[in-house]
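A structural walkthrough
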Amino acid sequence: MTDATAGPPPRFISPSAESDFYWTSGADGRLRIQHCDDCDHWIHPPGPVCPFCHSRNLAPAPVSGLGTVATFTINHKEWIPGFAPPYVFALVEIDEDPTIRLGSNIVGCGPEEVEIGMRVEVEFEANGEWHVPLFHPLLVEPLPVEQAKD
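Notes on the structure follow.

What counts and how
- Position numbers for residues count from 1 along each chain, tracking the sequence in the order it is written.
- Per-residue local features are limited, in this predicted model, to residues with pLDDT of at least 70; the limit for side-chain atom pairs, both in listing and counting, is 80 or more; totals at the level of whole chains, interfaces and linings are taken over all residues.
- As a rule here, side-chain values come from all non-hydrogen atoms in the structure, and water together with hydrogens is ignored.
- A run of H or I in DSSP becomes a helix once it reaches four residues, and a run of E becomes a strand once it reaches two; helices and strands are each numbered from the N terminus.
- Exposure categories follow from relative accessible area, calculated using a 1.4 Å probe and restricted to protein chains: below 20% of the type maximum is buried, above 50% is exposed, and the middle band is partly exposed.
- Pairs of residues are marked as contacts when any of their non-hydrogen atoms sit within 4.5 Å.
- Here the Shrake-Rupley method, with its probe set to 1.4 Å, supplies the accessible areas, and only the displayed protein chains count as covering residues.
- Buried Ala, Val, Leu, Ile, Met, Phe, Trp, Tyr and Cys residues that are joined via side-chain atoms within 4.5 Å together make up what is termed a nonpolar core.
- One requirement defines pairing of two strands: DSSP has to find at least two bridges between them.
- Put simply, a salt bridge is a Lys or Arg side-chain nitrogen that is within 4 Å of an Asp or Glu carboxyl oxygen.

**As for the overall build of the protein**
Within the protein, the secondary structure is distributed over 2 helices and 8 strands. In the protein, the order of α-helices and β-strands from amino to carboxyl end is α-β-β-β-β-β-β-β-β-α. Buried residues in the protein amount to 39% of all 150 residues. Put simply, 51% of the contacts in the protein that link residues at least 6 apart link residues at least 24 apart. Accessible area for the protein stands at about 8,600 Å²; split by element, carbon and sulfur atoms hold 54% of it.

This is the structure in structure tokens:
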């Protein structure tokens, strides 16, 4: 995790009342996704009501931070100031609900090493109060919770 001086959010972050937690909760190293406590669906991007049951009983909940690269692009132009090419932008399906796809950068490997189906794990880049979720290759698959207790 890196840290930078406090200031306004980076240009690609658009915090709102519903999404502020997503950009700040990584301070403790945990990825959080909005969850509906009435119908048990994960929701991203966050919103004021559940799109499945229309409940307002929503709250940020921690997830494993593990996922799979669904698709990606290697950018060779500097589309966003501060993102020196080449860099990988990917849609990552989270393990808790593969219909939730997070747009993020893949770090910790060369762009040519990224592939669809690659297992990844979250890490955070701090920028003042903002903690941007990025993903790096998962080198070792963790044991299921039941086996890890033995």
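**Quick look at the nonpolar core**
Grouped together as the largest cluster of nonpolar side chains are 25 residues, with contacts concentrated most on Y22, L31, I33, L102, I106, V120 and F135. Those elements that provide at least two residues to this core are α1 (20-24), β5 (87-94), β6 (97-106), β7 (119-127) and β8 (130-137).

**Comments concerning the sheet that holds strand β2 (residues 42-43)**
Spatially, the 3 strands line up as an open sheet ordered β2-β1-β3, and their pairing is antiparallel. Only two strands of the sheet have a single partner each, and these edge strands are β2 and β3 (58-62). Both strand β1 (residues 32-36) and β3 contribute to a ladder of 5 bridges, which runs antiparallel. What sits directly across from R32, in β3, is P62.

**Section: the pattern of salt bridges**
On inspection of all chains with the given rule, the structure shows 3 salt bridges. A salt bridge links R32 to D28; its shortest N-O distance comes to 2.7 Å. Taking relative accessible area as the criterion, R32 reaches 18% and is therefore assigned buried. The class of D28 is partly exposed, set by a relative accessible area of 48%. The salt bridge partner of E93 is R101, with a shortest N-O separation of 2.7 Å. Look at R101 and you get partly exposed, because its relative accessible area is 42%.

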